[in-house]
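The lines below spell out each chain.
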Amino acid sequence: MRLSAYFLPTMKENPAEAQVVSHRLMLRAGMIRQQSAGIYAWLPLGFRVLNKIADIVRSEQERFGAIEMLMPTIQSADLWRESGRYDAYGPEMLRIIDRHEREMLFGPTNEEMITDIFRNTVKSYKDLPKMLYHIQWKFRDEIRPRFGLMRGREFLMKDGYSFDLDYESARKAYNRMMVAYLNTFARLGLTAVPVRADTGPIGGNLSHEFQILAETGESELFADRDLLEGGILKRNIGPTDDVDAYVDEVTAFYAAADEMHEAANCPVPAEKLMARRGIEVGHIFYFGTKYSEAMGAQVIGPGGEPVTVHMGSYGVGVSRLVAAIIEASHDDNGIIWPESVAPFKVGLISLRAGDAEVDAACQKAYETLTRAGVDVLYDDRDERAGAKFADMDLIGLPWQLLIGPKGLKAGVVELKNRKTGERQEVSLESALAQLGA
RNA sequence: CGGGGCGUAGCUCAGCCUGGUAGAGCGCUGCUUUCGGGAAGCAGAGGCCGGAGGUUCGAAUCCUCUCGCCCCGACCA
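So, a few notes on the structure that sits alongside this text. (Residues numbered from 1 in each chain as written. Chains lettered and ligands numbered in written order. Predicted model: local features only at pLDDT ≥ 70, side-chain atom pairs only at ≥ 80, totals over all residues. Heavy atoms only, no water.)

## Brief notes about the pattern of salt bridges
The condition that has to hold: Whenever a carboxyl oxygen of Asp or Glu lies within 4 Å of a side-chain nitrogen of Lys or Arg, that contact is scored as a salt bridge. The way it works is that DSSP assigns letters per residue, a run of H or I at least four long becomes a helix, a run of E at least two long becomes a strand, and they are numbered from the N terminus. Classification of residues uses two cut-offs on accessible area relative to the type maximum, computed with a 1.4 Å probe and protein chains only: under 20% is buried, over 50% is exposed, and between them is partly exposed.
Evaluated as defined, the whole model comprises 33 salt bridges. The closest approach of N and O atoms between D375 and K52, which form a salt bridge, is 3.5 Å. With D375 in the loop between helix 11 (356-371) and strand 20 (376-379) and K52 in helix 2 (residues 44-63), this pair connects stretches of sequence that are 323 residues apart. The class for D375 is partly exposed, based on a relative accessible area of 30%.

So, in structure tokens, the structure goes:
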């Protein structure tokens, strides 16, 4: 992409309304624009990152047997009356009356709808287990939206739902999702800690939150130091590995959200216990028959008897992850994207747009990289070098390829790593080879 | 919802206390000189001072109401 033809409205100064670093940087880097409290438009650069994260989430879901679908954002109140949550959910649910005076709502989650689809469709135990998910916009009318995308009202979420014949099978589904989540966060360059959590309005008695450690996190967590520092969370377990044994190993360590933590009963001695702040980026639940019972989701079992299915639900805050990654990875100059989610891999900077030799070298680099399938943002604007450096650091692409007249005279270009700041002066060919072209 | 703060140019803000026809820096447009870490000069464009009412000869400025945004708290897959 040529920057001169792109849509990247960067800002030099911090917008007054943005207090937290991820919010500031996303606005300044031209990724988002706020439309209302807690409601954001995604500009092209931000949208690319959002999609990259969604793709990684998707691929780990598929790898562990979840099947993608898409449910609507607007739901009928009647469904929610069946589960009893229409009244229980409270003002956080955005309620809508349509022209026929029907009560509708903008879905904050989809347990009821997926249960309705399941009960109308699946009749036999032979069709179990099933794990269905979608990536879709949710709306929760938070009392106080804040911190930009960290607590928005409209947000993109991956929510998945498992259906099993009994507890043992449901527990395996829960474990698979725990592993899929740990893999997902690792691929995003994050360390997420699974902590025992309260189940809240979802219900059930087994639940883990996945917390990214960050000073600016909204929640507090307590965990055994060995869990965080032992490397166990980054093992990249596959679907054919012994998932259950691994989950047992991970969950044997003490790790609890603050509402689940009781200092007096904590089994970990104080010197091994870490109290940290975290950003909740995922939450998984096993809630048994809470919804299937209320909504009559049954299949015929092997003995010909009706069996109420066991369910779980599994959420990842996809849009929140964009902010969480920035909170975890930035410096004074801007964002530092992990390569897996960077909107472009390479920022190609022409240090002297209009200079024939520089233009030709840049054009060659741009074409070679593009043809090799490397995402490159070519800053071909007629701007001064300093302005280009500042913008490129701000938007945080992993690699910067600088081509200017001085270097070309000496036969070199400069390749800079955004994260380490390391620069090498090499031939254009060598730089392109390093970038995968 | 309780407490606090803020709405003036695209962005950051001054002006408000003490009413008198709207300002700066950056950004934007054109030209010139420049050009390797946010250049300089000249010339421009751009604002119903969040909205409504009121007081006044006169309101960005004072008063009332209202809307929006941010922060703390309560809340929170």
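After that view of the structure, there is still more to cover.
## Here we look at helix 1 (residues 21-28)
Quick note on the threshold: Residue contacts are defined here by distance: any two heavy atoms, one from each residue, within 4.5 Å place the two residues in contact.
Buried residues dominate helix 1, accounting for seven of its eight residues. Elements that come into contact with the buried residues of helix 1 comprise strand 1 (32-36), strand 2 (39-42), helix 10 (318-328), strand 17 (330-331), strand 18 (334-335) and helix 12 (385-395). Just downstream of helix 1 lies G30, where phi reads positive at about 70°.

## Examining the side chain of S83
As a reminder, the rule being used: Two N or O atoms form a polar contact when they lie within 3.5 Å of each other; inside protein one atom must be a possible hydrogen donor and the other a possible acceptor, and for residues adjacent in sequence the pair counts only when both atoms belong to side chains.
Secondary-structure assignment places S83 in helix 3 (residues 77-83). On the accessibility criterion, S83 (16% relative accessible area) is buried. A distance of 2.5 Å separates a polar atom in the side chain of S83 from a polar atom in the side chain of E112. Setting aside residues up to four positions removed in sequence, S83 forms contacts with E112, Y291, A294 and M295.

## So, the packing of helix 1 against helix 10
Note the following rule: Angles shown run from 0 to 180 degrees and are taken between the N-to-C directions of axes, each axis being a line fitted to C-alpha atoms and, for helices, limited to the stretch in contact. Any angle from 65 to 115 degrees is called roughly perpendicular, while one under 35 is roughly parallel, one over 145 is roughly antiparallel, and all others are oblique. Gly is put with the polar residues, along with every residue not named as nonpolar or charged; the nonpolar set is Ala, Val, Leu, Ile, Met, Phe, Trp, Tyr, Cys and Pro, and the charged set is Asp, Glu, Lys and Arg.
It is the contact of helix 1 with helix 10, at a shortest axis distance of 8 Å, that shows an interaxial angle of 105°. One element, helix 1, and the other, helix 10, form an angle in the roughly perpendicular class. Where helix 1 abuts helix 10, its residues V21, S22, L25 and M26 lie against V322, A323, I326 and E327. Residue composition of the contact of helix 1 with helix 10, grouped by class: six nonpolar, one polar and one charged.

## Remarks on the nonpolar core
Here is the rule: Here, nonpolar core means buried Ala, Val, Leu, Ile, Met, Phe, Trp, Tyr and Cys residues that are tied together by side-chain atoms lying within 4.5 Å of each other.
M31, I53, F185, L188, F210, V322 and W337 are the most contacted members of the largest nonpolar core, which totals 86 residues. Considering each element in turn, this core owes the most residues, 10 residues, to helix 6 (residues 167-187). Residues contacting I53, with those up to four places away along its chain left out, are L188, V318, L321, V322, I325 and V341. Counting 25 residues, the second largest nonpolar core, distinct from the first, contains I114, M295, V307 and V309.

## Section: the sheet that holds strand 23 (residues 423-426)
Stated precisely, the cut-off is as follows: Any two strands with at least two DSSP bridges between them are considered paired.
Strand order in the open sheet made by the five strands is 20-19-21-22-23, with mixed pairing throughout. At either end of the open sheet lies a strand with only one pairing partner, and these are strand 20 and strand 23. Direction aside, the axes of adjacent strands within the sheet are offset by 20° on average. In this sheet, strand 21 (residues 399-403) lies alongside strand 19 (residues 346-350) in parallel orientation, the contact comprising five bridges. Looking at strand 21, one finds that S350 is bridged to I403. Strand contacts of helix 12: strand 19, strand 20, strand 21 and strand 22 (413-417), with the helix running at about 175° to strand 19, the strand carrying the most contacts.

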